[in-house]
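# Descriptive analysis of the structure
One-letter residues, chain by chain:
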Amino acid sequence: MLVLFVALRANPGDAHEVTIQADPWTRPLVAAGLVASSTKREVLGGGLAHYSWKVRVGTGKYDAITVHRVVREAYPWIPARTRRAVFMVHGDLWGFVPAFLTNSCVTTMPENRSLAAFLASEDVDVWGLDLRWVAVPDAEKDFRFMADWNIPSHVKDVGTGLALADVVRRLAGNGGKDRMFLLGWSRGATIGYAYLDGESQRPRALRRVDGFVPMDMVLRYGPDAAEQRQWACDRYMALQTARDQGRTEGGLLGPAPGMPVREMGRLADQNPNAPSQMPMELAAGAKPTNRQAAVIAAGNTGALLKPLRPLTPGYHLAGSVPDITGTPNKTAFTPEPTLFDYFQQAAPYQSLNEVVETEKQLCGLDVPYDDHLKDVKVPVLYVGAAGGVGSYGEYSTRLLGSTDVTHLIVRSRPEAQRELDFGHADLFLARDARVRVWQPMLQWMEAH
């Protein structure tokens, strides 16, 4: 048995213990070649543990996903039995840990302040994955291997992760007739819709998902959002042109989208008052400081896409308080140190295909993974941030065959002031996210 101890900084003055071993409930999976690595276990606070496995999903150098589990333990290496489980799919830039288990990698977050840790502390068995591109290292420069990574391949990887979760839960005495909730945030919700579209065509006994939580994303715009649909068509044409020219990596922020985000967070954290080198200007042509640049980028995310337009009017990651010129001046819901740390956790690269395919779908064009949405009849909880996608995502839930649909829009201001309201990432980072977002989600899960 291989046991490895590594010190990880989680909070100032703390060290998390990490061990790696072939534990009894996944040793058969390793031996069968279904899992590429033994179980990695990180001790969290409050009796919780974070488990992870590397799973090969192809023959290429980076054809692997990391499957995560956050759960309360009865004893070390022995997860407590649970009746509820959820599988989480992240969106752009941030993988499972920074998106959903943020407190374990962001030093400015309290121990209990992440969605995954909160749900696990309430006896929900939390699972999820890192999509393939999350593990691509900074030093990589040849991205031809991303040419076949797309929505269908990510859907297949989600299915692999769900299958692993199901097997492990059954081996540990959980599971049985219980199935999982599927949660997708941002582009992860798009992948979630596509997964359910395919799963709806399988016999009931072979399905793994019994409830869906799409978070702050549009699948297709409603009839009253023709302008936003045209914005999507413009984004689609620009990205499709880049793909036709041979690009396989990048996103709406251009090639290596995580690099400037990480650098912005680092400079705001380490040298907040120095003039920013970002292409931004304040009133009268003044240059913002590094701190101001990060706050502006989070509070007016759509401005980074110019001349393209964002998903919705006033779309942003983190709500802000403006100065007298209307420029974001300080964050409103998420502490600035947390935001700056979060920026530094962005993955450097992303495959371009799923971004192009998402925009094609938003443009109203035909795609092969939404033909059976009316056959999807699981309960649905749509969670929107009023300053992110918000109510624009409600129409997408009506494309499903589900009759049990709940909408939760986290709002602090009227719709006319959406550019200042609760943002796309505030759903996970805000001081009061646990009360306004996570607790209602837990209550919905308990009721279903």
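Residues numbered from 1 in each chain as written. Predicted model: local features only at pLDDT ≥ 70, side-chain atom pairs only at ≥ 80, totals over all residues. Heavy atoms only, no water.

When its secondary structure is counted, the chain shows 13 helices and 14 strands. Taken against the 2.2 N^0.38 rule, which gives 22 Å for 448 residues, the C-alpha radius of gyration of the chain at 21 Å falls within 12% of a compact globule. Dimensions of the chain, computed from C-alpha atoms along their principal axes, come out at roughly 65 × 50 × 45 Å. Here the chain, with 448 residues, has 58% of them falling under the buried criterion. Considering only residue pairs separated by 6 or more positions, the chain has 70% of its internal contacts joining residues 24 or more positions apart. Looking at the chain as shown, the accessible area adds up to about 17,700 Å², and 54% of this sits on carbon and sulfur atoms. Here the chain carries 48 positive and 49 negative side-chain charges, and the mean point of each set is 3 Å from the other. (Helix = DSSP H or I, 4+ residues; strand = E, 2+ residues; numbered from the N terminus. Rg over C-alpha atoms; globule rule 2.2 N^0.38 Å. Buried < 20%, exposed > 50% of the residue type's maximum accessible area, 1.4 Å probe, protein only. Contact = heavy atoms within 4.5 Å. Areas by Shrake-Rupley, 256 points an atom, 1.4 Å probe, with all protein chains shown as cover. Lys, Arg positive; Asp, Glu negative; His and termini not counted. Charge placed at Lys NZ, Arg CZ, Asp CG, Glu CD.)

Formed by 64 residues in total, the largest nonpolar core has its most connected members in Phe 100, Leu 119, Val 126, Met 215, Phe 343 and Leu 427. Element by element, the count of residues in this core is highest for helix 13 (residues 433-447), at seven residues. In contact with Leu 427, other than residues within four places in its own chain, are Trp 185, Met 215, Asp 216, Val 383, Gly 384, Ala 385, Val 410, Phe 422, Ala 433, Val 437 and Trp 438. Grouped together as the second largest cluster of nonpolar side chains are 48 residues, Trp 77, Trp 133, Ile 151 and Leu 182 included. (Core = buried A, V, L, I, M, F, W, Y, C linked by side-chain atoms within 4.5 Å.)

Quick look at the packing of aromatic side chains now. On inspection of all chains with the given rule, the structure shows 15 aromatic pairs. An angle of 5 degrees between the planes, with centres 5.4 Å apart, marks the rings of Trp 53 and Trp 127 as stacked. In this pair, Trp 53 is assigned in strand 4 (residues 48-56) and Trp 127 in strand 8 (residues 124-130), connecting sequence segments 74 residues apart. The class of Trp 53 is buried, set by a relative accessible area of 1%. Centroid distance Phe 143 to Phe 145: 6.2 Å. Interplanar angle 50 degrees. Geometry classified as tilted. Taken together through their ring pairs, the aromatic side chains of Tyr 62, Phe 143, Phe 145, Trp 149 and Tyr 349 make up a single cluster. (Phe/Tyr/Trp six-rings, centres within 6.5 Å; stacked < 30°, edge-to-face > 60°.)

Take the state of the cysteines next. Linking two cysteines covalently via their sulfur atoms produces the bond known as a disulfide. This model, assessed by the stated rule, comprises one disulfide. Sulfur-sulfur distance for the disulfide between Cys 233 and Cys 363 comes to 1.9 Å. Sign of the S-S torsion, about 95 degrees for the bond between Cys 233 and Cys 363, identifies this disulfide as right-handed. In this pair, Cys 233 is assigned in helix 6 (residues 226-244) and Cys 363 in the loop between helix 10 (353-362) and strand 13 (380-385), connecting sequence segments 130 residues apart. (Disulfide = S-S within 2.5 Å.)

Moving on: the packing of helix 4 (residues 151-171) against helix 10. Their axes nearest at 8 Å, the elements helix 4 and helix 10 cross at an angle of 105 degrees. Classified by the interaxial angle, the pair formed by helix 4 and helix 10 is roughly perpendicular. Between helix 4 and helix 10, the residues in contact are Ile 151, Pro 152 and His 154 and Glu 354, Glu 357 and Thr 358, respectively. In terms of residue class, the contact of helix 4 with helix 10 is built from two nonpolar, two polar and two charged. (Axes fitted to C-alpha atoms, helices over the stretch in contact; angles between N-to-C directions. Parallel < 35°, antiparallel > 145°, perpendicular 65-115°, else oblique. Nonpolar A, V, L, I, M, F, W, Y, C, P; charged D, E, K, R; others polar.)

What follows concerns the environment of Gly 188. Secondary-structure assignment places Gly 188 in helix 5 (residues 187-199). Between the C-alpha atoms of Gly 188 and Val 158, which are 30 residues apart in sequence, the distance is 9.9 Å. Discounting chain neighbours no more than four positions away, the residues touching Gly 188 are Val 89, His 90 and Gly 91.

Moving on to the environment of Ala 256. Checked against the element boundaries, Ala 256 lands in the loop between helix 6 and helix 7 (258-270). The contacts of Ala 256, once residues within four sequence positions are left out, are Glu 249, Gly 250, Pro 348 and Tyr 349.

Position of Glu 281 among the secondary structure elements: in the loop between helix 7 and helix 8 (290-299). Here the alpha-carbon distance between Glu 281 and Ala 347, two residues 66 residues apart in the chain, equals 27 Å. In contact with Glu 281, not counting residues within four places along its chain, are Ala 286 and Pro 288.

This paragraph deals with the side chain of Ser 114. Structurally, the position occupied by Ser 114 is in the loop between helix 2 (96-100) and helix 3 (115-121). Overall, the relative accessible area of 0% leaves Ser 114 in the buried class. Within polar-contact distance, the side chain of Ser 114 engages the backbone nitrogen of Ala 117 at 3.2 Å. Here Ser 114 is in contact with Phe 100, Leu 101, Thr 102, Asn 103 and Trp 438, once residues within four sequence places are set aside. (Polar contact = N/O pair within 3.5 Å; in protein donor to acceptor, adjacent residues only side chain to side chain.)

Summed over the entire model, instances satisfying the criterion amount to 21 salt bridges. A salt bridge links Arg 69 to Asp 125; the shortest N-O distance between them is 2.8 Å. Here Arg 69 is found in strand 5 (residues 64-75), whereas its partner Asp 125 is found in strand 8, with 56 residues between them in sequence. Here the two residues Arg 69 and Asp 125 agree in accessibility, since each one is buried. A salt bridge links Asp 92 to Arg 187, with the shortest nitrogen-to-oxygen separation between them at 2.7 Å. A residue pair is termed long-range when its members are at least 10 positions apart, and Asp 92 in the loop between strand 7 (84-89) and helix 2 and Arg 187 in helix 5 qualify at 95 residues. (Salt bridge = Lys/Arg side-chain N within 4 Å of Asp/Glu carboxyl O.)

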